2 protein chains.
Amino acid sequence: MAEEVKLFRNWSSPFALRVVWALQLKGVPYETIYEDLSEKSSLLLHYNPIHKKIPVLVHNGKPLAESLVILEYIEETWKQTPLFPEDPYERSTARFWARFGDDHLSPSVFNVFIKQGKEQKEAIARAHGNLKYLEEELRGKKFFSGEKIGYVDLAFGWVANLISVCEEVKGLTLIEHEKHPLLLAWIQNFMDAPIIKESWPPRDKLISKYHARIEFYSSKEAAEK
Amino acid sequence: MAEEVKLFRNWSSPFALRVVWALQLKGVPYETIYEDLSEKSSLLLHYNPIHKKIPVLVHNGKPLAESLVILEYIEETWKQTPLFPEDPYERSTARFWARFGDDHLSPSVFNVFIKQGKEQKEAIARAHGNLKYLEEELRGKKFFSGEKIGYVDLAFGWVANLISVCEEVKGLTLIEHEKHPLLLAWIQNFMDAPIIKESWPPRDKLISKYHARIEFYSSKEAAEK
(Lines give C-alpha, C1' and ligand atoms only; values in the text may rest on other atoms or scores of the structure.)
Protein backbone atom coordinates (compact mmCIF):
# COMPACT_ATOMS: atom_id res chain seq x y z
CA MET A 1 0.00 0.00 0.00
CA ALA A 2 1.27 3.47 -0.85
CA GLU A 3 1.91 5.54 2.26
CA GLU A 4 -0.51 8.39 2.75
CA VAL A 5 0.78 11.12 5.05
CA LYS A 6 -1.19 14.32 5.56
CA LEU A 7 -0.30 17.20 7.83
CA PHE A 8 -2.88 19.73 9.00
CA ARG A 9 -1.11 22.94 9.94
CA ASN A 10 -1.24 26.71 9.59
CA TRP A 11 1.54 28.93 8.31
CA SER A 12 3.14 29.84 11.66
CA SER A 13 2.38 27.46 14.53
CA PRO A 14 5.65 26.43 16.21
CA PHE A 15 3.98 23.15 17.20
CA ALA A 16 3.15 22.38 13.58
CA LEU A 17 6.68 23.38 12.55
CA ARG A 18 8.10 20.66 14.79
CA VAL A 19 6.25 18.13 12.68
CA VAL A 20 7.11 19.80 9.36
CA TRP A 21 10.80 19.75 10.28
CA ALA A 22 10.74 16.15 11.52
CA LEU A 23 9.12 14.93 8.29
CA GLN A 24 11.53 16.98 6.18
CA LEU A 25 14.60 15.80 8.11
CA LYS A 26 13.53 12.20 7.60
CA GLY A 27 12.59 12.79 3.99
CA VAL A 28 9.04 11.54 4.43
CA PRO A 29 6.81 12.74 1.57
CA TYR A 30 3.56 14.28 2.81
CA GLU A 31 0.66 16.44 1.78
CA THR A 32 0.03 19.73 3.59
CA ILE A 33 -3.44 20.95 4.46
CA TYR A 34 -3.41 24.58 5.54
CA GLU A 35 -6.11 25.36 8.08
CA ASP A 36 -7.75 28.71 8.69
CA LEU A 37 -7.85 28.63 12.49
CA SER A 38 -10.67 31.15 12.62
CA GLU A 39 -12.80 28.69 10.69
CA LYS A 40 -11.50 25.18 11.27
CA SER A 41 -12.39 22.56 8.70
CA SER A 42 -14.78 19.77 9.60
CA LEU A 43 -11.98 17.36 8.71
CA LEU A 44 -9.69 18.86 11.38
CA LEU A 45 -12.48 18.67 13.97
CA HIS A 46 -13.12 15.08 12.91
CA TYR A 47 -9.47 14.11 13.27
CA ASN A 48 -8.80 16.00 16.51
CA PRO A 49 -12.18 16.13 18.27
CA ILE A 50 -10.69 16.57 21.73
CA HIS A 51 -8.28 19.47 21.27
CA LYS A 52 -9.58 20.76 17.91
CA LYS A 53 -6.08 22.02 17.19
CA ILE A 54 -3.33 21.77 14.66
CA PRO A 55 -0.99 20.05 14.08
CA VAL A 56 -2.66 16.80 13.18
CA LEU A 57 -0.78 14.12 11.29
CA VAL A 58 -2.86 11.56 9.44
CA HIS A 59 -0.97 8.43 8.45
CA ASN A 60 -2.86 5.98 6.26
CA GLY A 61 -6.13 7.36 7.61
CA LYS A 62 -5.13 7.28 11.28
CA PRO A 63 -4.94 10.68 13.01
CA LEU A 64 -2.39 11.78 15.60
CA ALA A 65 -2.49 14.93 17.70
CA GLU A 66 -0.07 16.73 20.07
CA SER A 67 3.21 17.68 18.46
CA LEU A 68 5.57 15.91 20.88
CA VAL A 69 3.52 12.73 20.62
CA ILE A 70 3.59 13.03 16.83
CA LEU A 71 7.40 13.34 16.88
CA GLU A 72 7.67 10.08 18.85
CA TYR A 73 5.42 8.43 16.27
CA ILE A 74 7.45 9.75 13.34
CA GLU A 75 10.62 8.46 14.99
CA GLU A 76 9.18 4.99 15.56
CA THR A 77 7.58 4.76 12.11
CA TRP A 78 10.33 6.09 9.86
CA LYS A 79 13.66 4.92 11.24
CA GLN A 80 15.97 6.90 8.90
CA THR A 81 17.80 9.97 10.29
CA PRO A 82 17.09 9.26 13.98
CA LEU A 83 15.85 12.28 15.93
CA PHE A 84 16.21 10.63 19.33
CA PRO A 85 19.42 9.30 20.88
CA GLU A 86 19.70 5.53 21.00
CA ASP A 87 20.56 5.22 24.69
CA PRO A 88 17.45 4.99 26.92
CA TYR A 89 18.88 7.41 29.49
CA GLU A 90 19.66 10.00 26.84
CA ARG A 91 16.23 9.48 25.30
CA SER A 92 14.66 10.20 28.67
CA THR A 93 16.78 13.30 29.08
CA ALA A 94 15.58 14.49 25.67
CA ARG A 95 11.95 13.93 26.70
CA PHE A 96 12.62 15.76 29.96
CA TRP A 97 13.86 18.87 28.11
CA ALA A 98 11.01 18.86 25.63
CA ARG A 99 8.48 18.85 28.49
CA PHE A 100 10.49 21.44 30.37
CA GLY A 101 10.21 23.69 27.33
CA ASP A 102 6.46 23.36 27.01
CA ASP A 103 5.49 23.24 30.68
CA HIS A 104 7.94 25.69 32.25
CA LEU A 105 10.05 27.68 29.83
CA SER A 106 7.25 28.63 27.45
CA PRO A 107 4.84 30.14 30.02
CA SER A 108 7.73 31.95 31.75
CA VAL A 109 8.84 33.52 28.46
CA PHE A 110 5.31 34.37 27.41
CA ASN A 111 4.74 36.29 30.67
CA VAL A 112 7.74 38.50 29.96
CA PHE A 113 5.95 39.93 26.96
CA ILE A 114 2.46 40.39 28.42
CA LYS A 115 3.12 41.50 32.02
CA GLN A 116 3.89 45.02 33.17
CA GLY A 117 6.06 46.69 35.83
CA LYS A 118 7.03 44.60 38.85
CA GLU A 119 5.32 41.51 37.47
CA GLN A 120 7.29 41.80 34.27
CA LYS A 121 10.53 42.08 36.23
CA GLU A 122 9.65 38.89 38.11
CA ALA A 123 8.76 37.21 34.82
CA ILE A 124 12.13 38.16 33.33
CA ALA A 125 13.94 36.74 36.36
CA ARG A 126 11.98 33.51 36.04
CA ALA A 127 12.56 33.24 32.29
CA HIS A 128 16.28 33.94 32.76
CA GLY A 129 16.40 31.20 35.39
CA ASN A 130 14.91 28.78 32.87
CA LEU A 131 17.01 29.96 29.93
CA LYS A 132 20.11 29.35 32.05
CA TYR A 133 19.36 25.64 31.97
CA LEU A 134 19.33 25.73 28.16
CA GLU A 135 22.61 27.61 28.15
CA GLU A 136 24.20 24.94 30.39
CA GLU A 137 22.71 22.16 28.32
CA LEU A 138 24.39 23.53 25.19
CA ARG A 139 27.91 23.53 26.67
CA GLY A 140 30.23 21.77 24.22
CA LYS A 141 27.45 21.12 21.72
CA LYS A 142 26.35 22.68 18.46
CA PHE A 143 22.76 21.49 18.86
CA PHE A 144 20.82 20.28 21.89
CA SER A 145 20.94 16.84 20.30
CA GLY A 146 24.72 17.03 19.63
CA GLU A 147 26.27 17.44 16.19
CA LYS A 148 22.95 17.14 14.38
CA ILE A 149 19.48 18.55 14.86
CA GLY A 150 17.22 16.21 16.81
CA TYR A 151 14.06 15.99 18.88
CA VAL A 152 15.06 18.56 21.54
CA ASP A 153 16.09 21.10 18.89
CA LEU A 154 12.73 20.69 17.17
CA ALA A 155 10.91 20.98 20.50
CA PHE A 156 12.80 24.24 21.21
CA GLY A 157 12.19 25.56 17.68
CA TRP A 158 9.91 28.30 19.05
CA VAL A 159 12.83 29.67 21.10
CA ALA A 160 14.70 30.34 17.85
CA ASN A 161 11.63 31.25 15.93
CA LEU A 162 9.53 33.47 18.19
CA ILE A 163 11.48 34.99 21.06
CA SER A 164 13.32 37.51 18.88
CA VAL A 165 10.02 38.38 17.19
CA CYS A 166 8.43 39.15 20.57
CA GLU A 167 11.56 41.05 21.61
CA GLU A 168 11.22 43.26 18.56
CA VAL A 169 7.51 43.80 19.16
CA LYS A 170 8.09 44.85 22.77
CA GLY A 171 11.46 46.57 22.28
CA LEU A 172 13.21 44.52 24.95
CA THR A 173 15.98 41.95 24.96
CA LEU A 174 15.36 38.70 26.82
CA ILE A 175 18.13 36.54 25.37
CA GLU A 176 21.32 38.46 26.11
CA HIS A 177 24.76 38.20 24.51
CA GLU A 178 26.52 38.15 27.86
CA LYS A 179 24.22 35.68 29.59
CA HIS A 180 23.30 33.41 26.68
CA PRO A 181 26.12 33.21 24.11
CA LEU A 182 25.62 29.48 23.48
CA LEU A 183 21.88 29.84 23.08
CA LEU A 184 22.35 32.68 20.59
CA ALA A 185 24.86 30.56 18.66
CA TRP A 186 22.36 27.68 18.68
CA ILE A 187 19.58 29.92 17.35
CA GLN A 188 21.85 30.92 14.47
CA ASN A 189 22.96 27.33 13.77
CA PHE A 190 19.39 26.12 13.89
CA MET A 191 18.06 28.87 11.59
CA ASP A 192 20.92 28.26 9.14
CA ALA A 193 20.25 24.54 8.74
CA PRO A 194 18.85 24.20 5.20
CA ILE A 195 15.77 22.13 6.06
CA ILE A 196 14.84 24.38 8.96
CA LYS A 197 15.38 27.54 6.93
CA GLU A 198 13.15 26.28 4.11
CA SER A 199 10.06 26.28 6.30
CA TRP A 200 10.84 29.37 8.37
CA PRO A 201 7.75 31.63 8.45
CA PRO A 202 8.34 35.15 7.06
CA ARG A 203 9.56 37.42 9.84
CA ASP A 204 7.41 40.42 8.89
CA LYS A 205 4.25 38.30 9.04
CA LEU A 206 5.33 36.91 12.43
CA ILE A 207 5.97 40.42 13.71
CA SER A 208 2.49 41.60 12.83
CA LYS A 209 0.88 38.41 14.16
CA TYR A 210 2.71 38.60 17.50
CA HIS A 211 2.17 42.33 17.74
CA ALA A 212 -1.57 41.64 17.76
CA ARG A 213 -1.31 38.63 20.08
CA ILE A 214 0.83 40.40 22.65
CA GLU A 215 -1.51 43.38 22.59
CA PHE A 216 -4.52 41.12 23.05
CA TYR A 217 -3.06 39.20 26.00
CA SER A 218 -1.58 42.32 27.63
CA SER A 219 -4.99 44.05 27.64
CA LYS A 220 -6.59 40.87 28.98
CA GLU A 221 -4.00 40.81 31.77
CA ALA A 222 -4.59 44.48 32.57
CA ALA A 223 -8.40 44.04 32.52
CA GLU A 224 -8.21 41.14 34.99
CA LYS A 225 -6.45 43.24 37.64
CA MET B 1 27.75 -4.63 37.65
CA ALA B 2 24.87 -5.11 40.06
CA GLU B 3 21.92 -2.90 39.18
CA GLU B 4 21.29 -0.10 41.64
CA VAL B 5 17.79 1.33 41.49
CA LYS B 6 16.64 3.94 43.99
CA LEU B 7 13.29 5.68 44.11
CA PHE B 8 12.77 8.95 45.94
CA ARG B 9 9.09 9.29 46.83
CA ASN B 10 6.70 10.21 49.61
CA TRP B 11 3.86 8.10 50.95
CA SER B 12 1.04 9.47 48.79
CA SER B 13 2.13 11.23 45.59
CA PRO B 14 0.18 9.82 42.63
CA PHE B 15 3.15 10.69 40.41
CA ALA B 16 5.49 8.62 42.55
CA LEU B 17 2.94 5.78 42.64
CA ARG B 18 3.12 5.52 38.85
CA VAL B 19 6.79 4.67 39.20
CA VAL B 20 6.27 2.34 42.17
CA TRP B 21 3.63 0.42 40.22
CA ALA B 22 5.71 0.24 37.04
CA LEU B 23 8.73 -1.15 38.90
CA GLN B 24 6.54 -3.63 40.80
CA LEU B 25 4.74 -4.79 37.66
CA LYS B 26 8.07 -5.43 35.98
CA GLY B 27 9.54 -7.03 39.08
CA VAL B 28 12.50 -4.64 39.21
CA PRO B 29 14.08 -4.67 42.69
CA TYR B 30 14.64 -1.17 44.07
CA GLU B 31 15.35 0.76 47.20
CA THR B 32 12.84 3.34 48.44
CA ILE B 33 13.91 6.66 49.93
CA TYR B 34 11.00 8.40 51.62
CA GLU B 35 11.25 12.16 51.44
CA ASP B 36 9.78 14.66 53.86
CA LEU B 37 8.52 17.23 51.36
CA SER B 38 8.52 19.99 53.96
CA GLU B 39 12.26 19.45 54.35
CA LYS B 40 13.63 17.96 51.16
CA SER B 41 16.92 16.10 51.43
CA SER B 42 20.03 17.56 49.83
CA LEU B 43 20.25 14.35 47.81
CA LEU B 44 16.81 14.98 46.24
CA LEU B 45 17.78 18.58 45.41
CA HIS B 46 21.05 17.29 43.94
CA TYR B 47 19.29 14.73 41.75
CA ASN B 48 16.40 16.97 40.65
CA PRO B 49 17.82 20.52 40.79
CA ILE B 50 15.32 21.92 38.29
CA HIS B 51 11.98 20.77 39.66
CA LYS B 52 13.10 19.80 43.20
CA LYS B 53 10.29 17.27 43.26
CA ILE B 54 9.61 13.61 43.75
CA PRO B 55 9.53 11.12 42.15
CA VAL B 56 13.15 10.75 41.18
CA LEU B 57 14.48 7.41 39.96
CA VAL B 58 18.21 6.89 40.20
CA HIS B 59 19.52 4.03 38.08
CA ASN B 60 23.19 3.17 38.57
CA GLY B 61 23.84 6.71 39.75
CA LYS B 62 21.93 8.45 36.95
CA PRO B 63 18.88 10.47 38.01
CA LEU B 64 15.58 10.74 36.15
CA ALA B 65 12.71 13.12 36.92
CA GLU B 66 9.11 13.54 35.69
CA SER B 67 6.94 10.48 36.22
CA LEU B 68 5.81 9.98 32.60
CA VAL B 69 9.39 10.29 31.39
CA ILE B 70 10.49 7.79 34.04
CA LEU B 71 7.85 5.31 32.86
CA GLU B 72 9.23 5.49 29.30
CA TYR B 73 12.71 4.85 30.69
CA ILE B 74 11.56 1.89 32.76
CA GLU B 75 9.84 0.42 29.69
CA GLU B 76 12.94 0.81 27.52
CA THR B 77 15.34 -0.46 30.18
CA TRP B 78 13.49 -3.48 31.57
CA LYS B 79 11.71 -5.17 28.70
CA GLN B 80 9.73 -7.76 30.71
CA THR B 81 5.95 -7.21 31.20
CA PRO B 82 5.57 -4.47 28.58
CA LEU B 83 3.57 -1.46 29.76
CA PHE B 84 3.27 0.11 26.30
CA PRO B 85 1.62 -1.46 23.26
CA GLU B 86 3.99 -2.66 20.55
CA ASP B 87 2.35 -0.88 17.64
CA PRO B 88 3.67 2.70 17.13
CA TYR B 89 0.19 4.12 16.55
CA GLU B 90 -1.15 2.55 19.74
CA ARG B 91 1.93 3.73 21.62
CA SER B 92 1.21 7.27 20.46
CA THR B 93 -2.39 6.97 21.50
CA ALA B 94 -1.23 5.86 24.95
CA ARG B 95 1.07 8.89 25.20
CA PHE B 96 -1.77 11.12 24.05
CA TRP B 97 -4.03 9.92 26.88
CA ALA B 98 -1.35 10.23 29.52
CA ARG B 99 -0.76 13.89 28.55
CA PHE B 100 -4.48 14.50 28.32
CA GLY B 101 -4.77 13.29 31.91
CA ASP B 102 -2.06 15.57 33.24
CA ASP B 103 -2.68 18.65 31.10
CA HIS B 104 -6.46 18.72 30.83
CA LEU B 105 -8.31 16.22 32.98
CA SER B 106 -6.36 16.82 36.18
CA PRO B 107 -6.80 20.63 36.36
CA SER B 108 -10.47 20.32 35.40
CA VAL B 109 -11.10 17.81 38.20
CA PHE B 110 -9.06 19.77 40.73
CA ASN B 111 -11.18 22.89 40.07
CA VAL B 112 -14.35 21.00 40.92
CA PHE B 113 -13.13 20.63 44.48
CA ILE B 114 -11.77 24.13 45.07
CA LYS B 115 -14.22 26.38 43.23
CA GLN B 116 -17.56 27.65 44.55
CA GLY B 117 -21.02 28.42 43.14
CA LYS B 118 -21.26 29.16 39.44
CA GLU B 119 -17.56 28.52 38.87
CA GLN B 120 -17.87 25.12 40.48
CA LYS B 121 -20.81 24.27 38.22
CA GLU B 122 -18.73 25.20 35.18
CA ALA B 123 -15.83 23.15 36.52
CA ILE B 124 -18.09 20.12 36.93
CA ALA B 125 -19.34 20.50 33.35
CA ARG B 126 -15.76 20.70 32.09
CA ALA B 127 -14.60 17.72 34.17
CA HIS B 128 -17.60 15.68 33.00
CA GLY B 129 -16.72 16.57 29.41
CA ASN B 130 -13.23 15.22 29.98
CA LEU B 131 -14.32 12.14 31.95
CA LYS B 132 -16.62 11.25 29.05
CA TYR B 133 -13.55 10.65 26.89
CA LEU B 134 -12.24 8.16 29.45
CA GLU B 135 -15.61 6.43 29.55
CA GLU B 136 -15.57 6.07 25.74
CA GLU B 137 -11.97 4.92 25.77
CA LEU B 138 -12.87 2.07 28.14
CA ARG B 139 -15.60 0.63 25.90
CA GLY B 140 -14.99 -3.11 25.51
CA LYS B 141 -11.90 -3.05 27.69
CA LYS B 142 -11.11 -4.02 31.27
CA PHE B 143 -8.17 -1.61 31.49
CA PHE B 144 -7.20 1.40 29.40
CA SER B 145 -4.34 -0.73 28.11
CA GLY B 146 -6.60 -3.71 27.33
CA GLU B 147 -6.65 -6.95 29.29
CA LYS B 148 -3.70 -5.97 31.47
CA ILE B 149 -2.65 -2.87 33.33
CA GLY B 150 -0.30 -0.67 31.29
CA TYR B 151 1.10 2.82 30.93
CA VAL B 152 -2.25 4.64 30.56
CA ASP B 153 -3.69 2.89 33.60
CA LEU B 154 -0.69 3.93 35.66
CA ALA B 155 -0.92 7.49 34.32
CA PHE B 156 -4.61 7.59 35.36
CA GLY B 157 -3.86 6.04 38.76
CA TRP B 158 -4.81 9.30 40.50
CA VAL B 159 -8.33 9.05 39.03
CA ALA B 160 -8.81 5.79 40.93
CA ASN B 161 -6.82 6.88 43.90
CA LEU B 162 -7.82 10.46 44.64
CA ILE B 163 -11.14 11.47 43.08
CA SER B 164 -13.25 9.48 45.52
CA VAL B 165 -11.16 10.87 48.39
CA CYS B 166 -11.89 14.44 47.25
CA GLU B 167 -15.56 13.51 46.72
CA GLU B 168 -15.76 12.35 50.33
CA VAL B 169 -14.00 15.47 51.61
CA LYS B 170 -16.40 17.77 49.74
CA GLY B 171 -19.53 15.62 50.01
CA LEU B 172 -20.17 15.61 46.26
CA THR B 173 -20.16 12.97 43.55
CA LEU B 174 -18.20 13.71 40.38
CA ILE B 175 -17.94 10.21 38.91
CA GLU B 176 -21.54 9.06 38.56
CA HIS B 177 -22.96 5.54 38.21
CA GLU B 178 -25.22 6.55 35.36
CA LYS B 179 -22.69 8.59 33.41
CA HIS B 180 -19.51 6.63 34.12
CA PRO B 181 -20.23 2.93 34.66
CA LEU B 182 -17.13 1.79 32.76
CA LEU B 183 -14.87 4.21 34.62
CA LEU B 184 -16.24 3.04 37.97
CA ALA B 185 -15.66 -0.58 36.92
CA TRP B 186 -12.11 0.32 35.87
CA ILE B 187 -11.44 1.98 39.24
CA GLN B 188 -12.53 -1.22 40.98
CA ASN B 189 -10.50 -3.47 38.65
CA PHE B 190 -7.46 -1.28 39.04
CA MET B 191 -7.69 -1.12 42.85
CA ASP B 192 -8.21 -4.87 43.03
CA ALA B 193 -5.08 -5.74 41.05
CA PRO B 194 -2.71 -7.26 43.64
CA ILE B 195 0.36 -5.14 42.79
CA ILE B 196 -1.64 -1.93 42.74
CA LYS B 197 -3.43 -2.75 45.98
CA GLU B 198 -0.15 -3.47 47.78
CA SER B 199 1.03 0.13 47.45
CA TRP B 200 -2.34 1.86 47.89
CA PRO B 201 -1.97 4.68 50.43
CA PRO B 202 -4.26 4.35 53.48
CA ARG B 203 -7.61 6.03 52.74
CA ASP B 204 -7.96 7.72 56.13
CA LYS B 205 -4.57 9.39 55.75
CA LEU B 206 -5.50 10.51 52.21
CA ILE B 207 -8.77 11.93 53.48
CA SER B 208 -7.06 14.08 56.09
CA LYS B 209 -4.33 15.16 53.67
CA TYR B 210 -6.81 16.18 50.95
CA HIS B 211 -9.13 17.76 53.47
CA ALA B 212 -6.29 20.16 54.35
CA ARG B 213 -5.22 20.67 50.72
CA ILE B 214 -8.71 21.42 49.44
CA GLU B 215 -9.27 23.82 52.32
CA PHE B 216 -5.97 25.56 51.58
CA TYR B 217 -6.61 25.99 47.86
CA SER B 218 -10.27 26.94 48.32
CA SER B 219 -9.32 29.77 50.70
CA LYS B 220 -6.59 30.87 48.29
CA GLU B 221 -9.17 30.93 45.48
CA ALA B 222 -11.60 32.93 47.62
CA ALA B 223 -8.88 35.38 48.73
CA GLU B 224 -7.88 36.08 45.12
CA LYS B 225 -11.38 37.24 44.18
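Since we're looking at a predicted model, the values are computed, not measured. (Residues numbered from 1 in each chain as written. Chains lettered and ligands numbered in written order. Predicted model: local features only at pLDDT ≥ 70, side-chain atom pairs only at ≥ 80, totals over all residues. Heavy atoms only, no water.)

## Some remarks on the overall build of chain A
Phase 1: Helices and strands together make up the secondary structure of chain A, namely 10 helices and 4 strands.
Phase 2: In chain A, the order of α-helices and β-strands from amino to carboxyl end is β-α-β-α-β-β-α-α-α-α-α-α-α-α.
Phase 3: Structurally, chain A occupies a C-alpha span of about 60 × 45 × 30 Å along its principal axes.
Phase 4: Out of the 225 residues belonging to chain A, those deemed buried represent 50%.
Phase 5: Taking as baseline every contact in chain A between residues at least 6 positions apart, the subset at least 24 positions apart corresponds to 71%.
Phase 6: Positive and negative side-chain charges in chain A, numbering 30 and 32 respectively, have mean positions lying 3 Å apart. (Helix = DSSP H or I, 4+ residues; strand = E, 2+ residues; numbered from the N terminus. Buried < 20%, exposed > 50% of the residue type's maximum accessible area, 1.4 Å probe, protein only. Contact = heavy atoms within 4.5 Å. Lys, Arg positive; Asp, Glu negative; His and termini not counted. Charge placed at Lys NZ, Arg CZ, Asp CG, Glu CD.)

## Some words on the side chain of B:Asn48
All names here are of chain B.
Phase 1: Relative to the assigned elements, Asn48 resides in the loop between α2 (42-47) and β3 (56-59).
Phase 2: Asn48 gets classed as buried once you look at its relative accessible area, which sits at 3%.
Phase 3: Polar side-chain contacts of Asn48 include one of 3.3 Å to the backbone nitrogen of His51.
Phase 4: Residues within four places of Asn48 in sequence aside, it is in contact with Lys53, Val56 and Ala65. (Polar contact = N/O pair within 3.5 Å; in protein donor to acceptor, adjacent residues only side chain to side chain.)

## A word on the pairing of strand β1 (residues 5-9) of chain A
All names here are of chain A.
Phase 1: By the criterion of burial, β1 is predominantly enclosed, with 4 of the 5 residues buried.
Phase 2: Where β1 meets strand β3 (residues 56-59), 4 bridges bridge the pair, whose relative direction is antiparallel. Bridge pairing in β3 places Lys6 opposite Val58.
Phase 3: Looking at chain direction, β1 and strand β2 (residues 31-34) are connected through 4 bridges and run parallel. For Phe8, the partnering residue across the bridge sits in β2 and is Ile33.
Phase 4: You can see the chain leave β1, run along helix α1 (residues 14-26) and come back into β2, and the turn it takes is right-handed. (Pairing = 2+ DSSP bridges. Right-handed = clockwise from strand over helix to strand, strands pointing away.)

## Regarding the pattern of salt bridges
Phase 1: Scanning the model with the defined rule gives 26 salt bridges over all chains in all.
Phase 2: One salt bridge in this structure joins A:Glu76 and B:Arg95, with 3.2 Å as the shortest N-O distance. Placement of the pair is A:Glu76 in helix α3 (residues 67-77) and B:Arg95 in helix α4 (residues 88-114), with the two residues belonging to separate chains.
Phase 3: Between B:Arg99 and A:Asp103 there is a salt bridge whose closest N-O contact spans 3.9 Å. Of the two residues, B:Arg99 sits in helix α4 while A:Asp103 sits in helix α4 (residues 88-114), which places them in two different chains.
Phase 4: Classification of B:Arg99 by relative accessible area gives buried; the value is 11%.
Phase 5: Through salt bridges that share partners, A:Glu72, A:Glu76, A:Arg91, A:Arg95, B:Glu72, B:Glu76, B:Arg91 and B:Arg95 make up one connected network. (Salt bridge = Lys/Arg side-chain N within 4 Å of Asp/Glu carboxyl O.)

## Looking at the UniProt feature "domain: GST C-terminal" (unreviewed entry) in chain A
Phase 1: Annotation from UniProt places "domain: GST C-terminal" (unreviewed entry) at residues 87-216 of chain A.
Phase 2: Between the C-alpha atoms that bound residues 87-216 of chain A there is a distance of 44 Å. The span itself is 75% helix and 0% strand. (UniProt positions renumbered as here; feature names shortened; annotations may be inferred.)

## Concerning the interface of chain A and chain B
Phase 1: If you look at the interface, chain A gives 25 residues, while chain B gives 25 residues.
Phase 2: Regarding the contact of chain A and chain B, the summed buried area is about 2400 Å², with carbon and sulfur atoms giving 64% of it.
Phase 3: Across the contact surface, chain A and chain B share 8 salt bridges.
Phase 4: In this structure, the salt-bridge partner of B:Arg91 is A:Glu76, at a minimum N-O distance of 3.0 Å.
Phase 5: By residue number, the principal contributor to the side of chain A that touches chain B is α4(A), which donates 11 residues. (Buried area = accessible area lost by both parts, 1.4 Å probe.)

## Observations concerning the sheet that holds β3(B)
Residues and elements named next belong to chain B.
Phase 1: The strand order across the open sheet formed by 4 strands is β2-β1-β3-β4, and the pairing between neighbours is mixed. Both edges of this open sheet fall to β2 (31-34) and β4 (62-65), since each of them pairs with a single strand only. Averaged over all neighbouring strand pairs, the angle between strand axes comes to 20°, with direction disregarded. (Axes fitted to C-alpha atoms, helices over the stretch in contact; angles between N-to-C directions.)

## As for the packing of helix α7 (residues 157-170) of chain B against helix α8 (residues 181-192) of chain B
Residues and elements named next belong to chain B.
Phase 1: Closest axis-to-axis distance for the α7/α8 pair is 9 Å, and the angle between their directions is 100°. Classified by the angle their axes make, α7 and α8 are roughly perpendicular. Counting all contacts with α7, which are made through Gly157, Val159 and Ala160, the residues of α8 involved are Leu183, Trp186, Ile187 and Phe190.
Phase 2: Residues that form the contact of α7 with α8 fall into these classes: 6 nonpolar, 1 polar and no charged. (Parallel < 35°, antiparallel > 145°, perpendicular 65-115°, else oblique. Nonpolar A, V, L, I, M, F, W, Y, C, P; charged D, E, K, R; others polar.)

## Details of the relation of the copies chain A and chain B
Phase 1: You can overlay chain A on chain B at an RMSD of 0.0 Å; the transform is a turn of 180° with a shift of 0.0 Å along its axis. Between the two chains, the operation in question is that of a two-fold axis. Nearest to the rotation axis, the C-alpha of A:Asp103 is located 4.7 Å from it, this being the minimum over chain A.
Phase 2: Interface overlap between copies: 100% of the residues of chain A at the interface are likewise at the interface in chain B, consistent with a symmetric, same-surface contact. (Least-squares fit on C-alpha atoms with pLDDT ≥ 70 in both.)

## Here we look at helix α1 (residues 14-26) of chain B
Residues and elements named next belong to chain B.
Phase 1: Here α1 spans 18 Å end to end across 13 residues, near enough to the 18 Å set by a 1.5 Å rise per residue.
Phase 2: Of all 13 residues making up α1, 10 are buried, and the element is well covered by its neighbours.
Phase 3: Of all the residues in α1, the buried ones are Pro14, Ala16, Leu17, Arg18, Val19, Val20, Trp21, Ala22, Leu23 and Lys26.
Phase 4: Of the residues that open α1, the one with a side-chain oxygen 3.1 Å from the backbone nitrogen of Phe15 is Ser13.
Phase 5: Looking one or two residues beyond α1, the residue adopting positive phi is Gly27, at roughly 65°. (Expected span 1.5 Å × (residues − 1).)

## So, the sheet that holds β2(A)
Residues and elements named next belong to chain A.
Phase 1: Taken in spatial order, the 4 strands line up as β2-β1-β3-β4 in an open sheet, and their pairing is mixed. Two strands in the sheet have a free side with no partner beyond their single neighbour: β2 and β4 (62-65). Going across the sheet, the axis of each strand differs from the next one's by a mean of 20°, ignoring polarity.

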